[in-house]
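In case you want the letters, here they are:
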Amino acid sequence: MMRIDLHTHTSASDGTDEPRSVGELAAAVGLDVVAVTDHDTTAGWDAAIAGAPAGVTVVPGVEFSCVVGEGERRVSVHLLGYLFDRAEPRFAAERRRLRLDRTDRGRRIVERLTTAGVPIEWPAVQRLAGGAPIGRPHIAGALVTAGASSTVDDAFETWLRPGGPYYVRKRDVDVRDGIAMVLAAGGVPVFAHPRARKRGRVVTDDVIRELAAAGLAGIEVDHVDHDAADRVELRTLAGELGLIMTGSSDYHGTNKAVPLGANTTDPQAYAEVCRRASGTQPAHC
Ligand code: AMP
Ligand code: ZN
Ligand code: FE
Ligand code: FE
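Here the structure is a predicted model, which means the values were calculated and not measured.

### So, the packing of helix H3 (residues 89-115) against helix H5 (residues 136-145)
Following both chains from N to C, one finds H3 and H5 inclined at 30°, their axes separated by 10 Å at the closest point. Between H3 and H5, the interaxial angle falls into the category roughly parallel. Where H3 crosses over H5, the handedness of that crossing is right-handed. Between H3, through Arg105, Gly106, Ile109, Val110 and Leu113, and H5, the contact on the second element is made entirely by Arg136, Ile139 and Leu143. Grouping the amino acids of the contact of H3 with H5 by side-chain chemistry returns five nonpolar, one polar and two charged.

### Focus on the pattern of salt bridges
Taken as a whole, this structure holds 22 salt bridges when the rule is applied. Salt-bridge contacts for Arg102 lead to Asp40; the nearest nitrogen and oxygen are separated by 2.6 Å. Here the residue Arg102 occupies a position in helix H3, and Asp40 occupies one in the loop between strand E2 (33-39) and helix H2 (45-51), the gap between them amounting to 62 residues. The residues Arg102 and Asp40 share a single accessibility class, namely buried. When salt bridges that share partners are traced, they join Arg195, Arg197, Asp205, Asp227, Asp230 and Glu233 into one network.

### A look at the site of ligand 1
Near ligand 1 you find 14 residues, and of these His39, Arg105, Arg136, Asp153 and Asn255 are the closest. Between ligand 1 and Arg102, the relevant distance is 3.0 Å, taken from an oxygen atom to a side-chain nitrogen or oxygen of the residue. His252 places a side-chain nitrogen or oxygen 3.2 Å from an oxygen atom of ligand 1. Of all the secondary structure elements, the ones that give two or more residues to the shell around ligand 1 are H3, H5 and helix H6 (152-157). Top contributing element to the shell around ligand 1 by residue count: H6, with three residues. Its residues placed into classes, the shell around ligand 1 shows three nonpolar, four polar and seven charged.

### Some remarks on the packing of helix H8 (residues 205-213) against helix H9 (residues 228-241)
Interaxial distance between H8 and H9 falls to 11 Å at its minimum, and their mutual angle equals 35°. For the pair H8 and H9, the sense of crossing is right-handed. Together, Asp205, Ile208, Arg209 and Ala212 of H8 and Leu234, Leu237, Glu240 and Leu241 of H9 make up the contact between the two elements. Partitioned by chemical class, the residues of the contact of H8 with H9 number five nonpolar, no polar and three charged.

### Comments concerning unusual backbone geometry
In this structure, Asp40 is a non-glycine residue whose phi angle is positive, near 60°. Here Asp40 falls in the buried class, since its relative accessible area comes to 1%. Although it is not a glycine, Leu83 sits at a positive phi angle of roughly 55°. Residue position: Leu83 is located in the loop between strand E4 (75-82) and H3. A relative accessible area of 0% means that Leu83 is categorised as buried.

### Describing the side chain of Lys170
Position of Lys170 among the secondary structure elements: in the loop between H6 and strand E5 (173-174). Overall, the relative accessible area of 11% leaves Lys170 in the buried class. A distance of 3.0 Å separates polar atoms of two side chains, one belonging to Lys170 and the other to Ser65.

Cut-offs applied
- One numbering rule holds for all chains: residues counted from 1, following each sequence as written.
- Lettering for chains starts from A, numbering for ligands starts from 1, and both go in the order in which the items are written.
- Where local features are concerned, this predicted model is filtered to residues with pLDDT of at least 70; where side-chain atom pairs are given and counted, the filter is 80 or more; whole-chain, interface and lining totals use all residues.
- Calculation of side-chain values draws on the structure's entire complement of heavy atoms; hydrogens and water are dropped beforehand.
- What counts as an axis is a line fitted to C-alpha atoms, over the stretch in contact for a helix, and the angles between N-to-C directions run from 0 to 180 degrees.
- Put simply, DSSP H or I for four residues or longer makes a helix, DSSP E for two residues or longer makes a strand, and each gets a number counted from the N terminus.
- Here is the rule for angles: anything less than 35 degrees is roughly parallel, anything more than 145 is roughly antiparallel, 65 through 115 is roughly perpendicular, and the remaining ranges are oblique.
- Working rule for handedness: look at the near helix, and if it is turned counterclockwise from the far one by less than a right angle, call the crossing left-handed; if clockwise, right-handed.
- We call two residues in contact when some of their heavy atoms are within 4.5 Å.
- Residue type decides the class: Asp, Glu, Lys and Arg count as charged, Ala, Val, Leu, Ile, Met, Phe, Trp, Tyr, Cys and Pro as nonpolar, and the leftover types, Gly among them, as polar.
- By definition, a salt bridge exists where a carboxyl oxygen of Asp or Glu is found within 4 Å of a side-chain nitrogen of Lys or Arg.
- Only protein chains enter the calculation, and the probe is 1.4 Å; a residue is then buried if its accessible area is under 20% of its type maximum, exposed if over 50%, and partly exposed in between.
- Any residue with a heavy atom lying within 4 Å of a molecule or strand is counted as near it.
- Between N or O atoms, a polar contact is any pair within 3.5 Å; within protein, one atom must be a potential hydrogen donor and the other a potential acceptor, and residues adjacent in sequence are included only when both atoms are from side chains.

This is the structure in structure tokens:
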């Protein structure tokens, strides 16, 4: 049976493996299909596709942050978009805006840390990112190098904790707008890790019902941050709403402990993603 992993990050965002090596890494763990879903950028697509060995299909995608609700009830959510036309102007402009906002926000987090006496420097963060959109893993890496944290995990739990004194939010769009942008670019929008409570608050099932009505195509069910009960409940909900169910690793190379292929997507679900896409198609979709 085909093995399919629909959510991974490369060094084009905050993963550690080069886009061109993703296909080989996928083959090495027995995957037939691997999606490259870097944060806010499609910069890894071409190298990932070109570098894939025969027999491995690279699915081009993206992951970007959105919000649901306002004020007290604001929840940060991640949306995956697959097989969209990266030249479509409105979505391309939103990704550009998000990348610029990441630089601005990263700089502000570093400023807050510096003000508190933490010996971290912005150029060190930029060096770690190597031109990729700045993410907290890059800041965490710089904190470890500076000796302010013992590990990346430790940096995330202390200095970079959402709601903590050094945390700065990104200026994200409403998830309905995010879904509309992916659809308008011919892509397939899937809600990433909807029950990942360790990232913060999560949405209710009613919100997922509303998003399904707004054009959401699928939800990530099998993900390292979901326990067995979450998966059962999400399967039931997806069945009720006719949503595609995906499974994936959210692999980040050595920036995160989870291995490539840790969770996978059913071939029929993958076929449905391909069927709904009109933005771009990989060779074996
Ligand atoms: P940001 O998008 O800048 O808010 O950073 C969030 C990213 O950091 C997500 O892609 C997570 O996968 C990653 N992340 C969250 N917690 C950790 C952790 N403990 N260690 C490494 N990466 C993490
Ligand atoms: Zn990430
Ligand atoms: Fe995510
Ligand atoms: Fe991710």
